[in-house]
Amino acid sequence: MDIRVQEAAFDLGQETNGFAARQSGMGAVVTFTGIVRDLDNGALSAMEIEHYPGMTQKALEGIADEAKTRWTLGDVMIIHRYGRLHPDEMIMMVATSARHRGDAFQAAEFLMDFLKSRAPFWKKELTQDGAEWVAAKDVDEDALKRW
Amino acid sequence: MDVLYFAWVRERVGHPKDRIDTNPATVMDLVNDLRAREPRYEAAFSDLDALRVAIDQELADFDASLTGVREVAFFPPMTGG
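Residues numbered from 1 in each chain as written. Chains lettered and ligands numbered in written order. Predicted model: local features only at pLDDT ≥ 70, side-chain atom pairs only at ≥ 80, totals over all residues. Heavy atoms only, no water.

K.L.:
Any chance you could explain the overall build of chain B here in plain terms?
P.N.:
Of regular secondary structure, chain B possesses three helices and five strands. What you see in chain B, going N to C, is helices and strands ordered as β-α-β-α-α-β-β-β. Its C-alpha atoms give chain B a radius of gyration of 12 Å, within 12% of the compact-globule value 12 Å for 81 residues. Summarising its shape, the C-alpha atoms of chain B cover approximately 30 × 30 × 20 Å along the three principal directions. Out of the 81 residues in chain B, the part that is buried amounts to 48%. Taking as baseline every contact in chain B between residues at least 6 positions apart, the subset at least 24 positions apart corresponds to 51%. By element, 45% of the accessible surface of chain B is carried by carbon and sulfur atoms, the whole surface being about 4,000 Å². (Helix = DSSP H or I, 4+ residues; strand = E, 2+ residues; numbered from the N terminus. Rg over C-alpha atoms; globule rule 2.2 N^0.38 Å. Buried < 20%, exposed > 50% of the residue type's maximum accessible area, 1.4 Å probe, protein only. Contact = heavy atoms within 4.5 Å. Areas by Shrake-Rupley, 256 points an atom, 1.4 Å probe, with all protein chains shown as cover.)

K.L.:
Help me understand unusual backbone geometry in this model?
P.N.:
Residues and elements named next belong to chain B. Of note, the phi angle at A7 is positive, near 55°, even though the residue is not glycine. Of note, A7 is situated in helix α1 (residues 7-13). Phi is positive for Q57, close to 70°, though the residue is something other than glycine.

K.L.:
Whenever I open this one, the environment of B:D49 confuses me. Can you help?
P.N.:
Mapped onto the secondary structure, B:D49 falls in the loop between α3 (39-44) and β3 (52-55). Considering only alpha carbons, one finds B:D49 and B:P76, 27 residues apart in sequence, at a separation of 9.2 Å.

K.L.:
How should I be thinking about helix α2 (residues 53-70) of chain A in this particular structure?
P.N.:
Note that an α-helix has 3.6 residues per turn; residues three or four places apart therefore point the same way. Residues and elements named next belong to chain A. Taking 1.5 Å as the rise per residue, α2 with 18 residues should run 26 Å; its terminal C-alpha atoms sit 27 Å apart, in good agreement. Those residues of α2 that sit buried are M55, T56, A59, L60, I63, A64 and A67. Axial view of α2: buried residues confined to an arc of 160°, hence all on one face. (Expected span 1.5 Å × (residues − 1). Arc of directions from axis to C-beta.)

K.L.:
Mind showing me how you'd approach the interface of chain A and chain B here?
P.N.:
Interface size is often expressed as the accessible area that is lost when the parts come together. Taken together, the 25 residues of chain A in the interface contact 20 residues of chain B. In total, chain A and chain B occlude about 1,800 Å² of area from one another, counting both sides; carbon and sulfur atoms represent 59% of this. The largest contributions to the chain A side of the interface with chain B come from A:Y52, A:W122 and A:W133, which together make up 35% of the buried area. Counting the contacts that link chain A with chain B gives two salt bridges. Between B:R10 and A:E50 there is a salt bridge; the shortest N-O distance is 2.4 Å. In this structure, the connection of chain A to chain B is made through 13 residue pairs in polar contact (both at pLDDT 80 or more). Of all elements in the fold, only β3 (46-51), α2, β6 (90-98), α3 (101-118) and β7 (121-127) of chain A reach the threshold of two or more residues within the side of chain A that touches chain B. By residue number, the principal contributor to the side of chain A that touches chain B is α3(A), which donates five residues. Partitioned by chemical class, the residues of the side of chain A that touches chain B number 15 nonpolar, four polar and six charged. (Buried area = accessible area lost by both parts, 1.4 Å probe. Salt bridge = Lys/Arg side-chain N within 4 Å of Asp/Glu carboxyl O. Polar contact = N/O pair within 3.5 Å; in protein donor to acceptor, adjacent residues only side chain to side chain. Nonpolar A, V, L, I, M, F, W, Y, C, P; charged D, E, K, R; others polar.)

K.L.:
Teacher, can you tell me more about the side chain of A:D2 here?
P.N.:
All names here are of chain A. Position of D2 among the secondary structure elements: in strand β1 (residues 2-6). In this structure D2 comes out as buried when scored by relative accessible area, which is 19%. Setting aside residues up to four positions removed in sequence, D2 forms contacts with R22, V76, M77 and I78.

K.L.:
So what exactly am I meant to see when it comes to the pattern of salt bridges here?
P.N.:
Close approach of charged atoms allows side chains of opposite charge to pair. All names here are of chain A. All told, the structure shown has 17 salt bridges over all chains when counted by the stated rule. Between E48 and R84 there is a salt bridge, with its nearest N and O atoms 2.6 Å apart. Placement of E48 in strand β3 and of R84 in strand β5 (residues 83-85) is noted, with a sequence separation of 36 residues between them. Residue R146 pairs with D113 through a salt bridge whose shortest N-O separation is 2.8 Å. Highlighted residues: R146 in the segment after α4 (138-143) and D113 in helix α3, separated in sequence by 33 residues. A relative accessible area of 48% places R146 in the partly exposed class.

Set out below in structure tokens:
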């Protein structure tokens, strides 16, 4: 399990290749990447991501452990950034490996659903008009119920 | 016991951390103690439905006991990913 909470950018290609190269006997690697999305009117100057340092690593490990008990996985990787990010920058990625793609796909989706509302990160959108905390969406909370 | 605040809870309270020397029995007792302090705490804790709490870095409920607890954190619903 490789779980990193960091301010620095990461190289998606390098991380994906590295993760895949560390697997043995796995037939599938699935990755998901989250990117800072501009507002519809193109007004986003930056996104600030705050987290709870004492809890974040533990929460992510708990979510990854839960995924490993539910599906037959080779490995799980999570990278999540914090600090000030700009539109089109990568915020985070998850990677899962499994012998068969179904496990890898489902586990990646599970990880994302729980990362959204059970990992202690908070996003704030900065525009010329000021700053606004991103509100949690009911749809994200509802997404947990399917698991 | 340390009490931590994140995101807009931190902004409303005005600082990221308090050290509490009293011994509230539950999270709710702690919340009531804090609300009685100053209007900015009242502003931060006026709508508990909009708040989440963690006890010693684990998500918890407002009726949870604080016996033996070292750190309590209050924050809005999380927006990771």
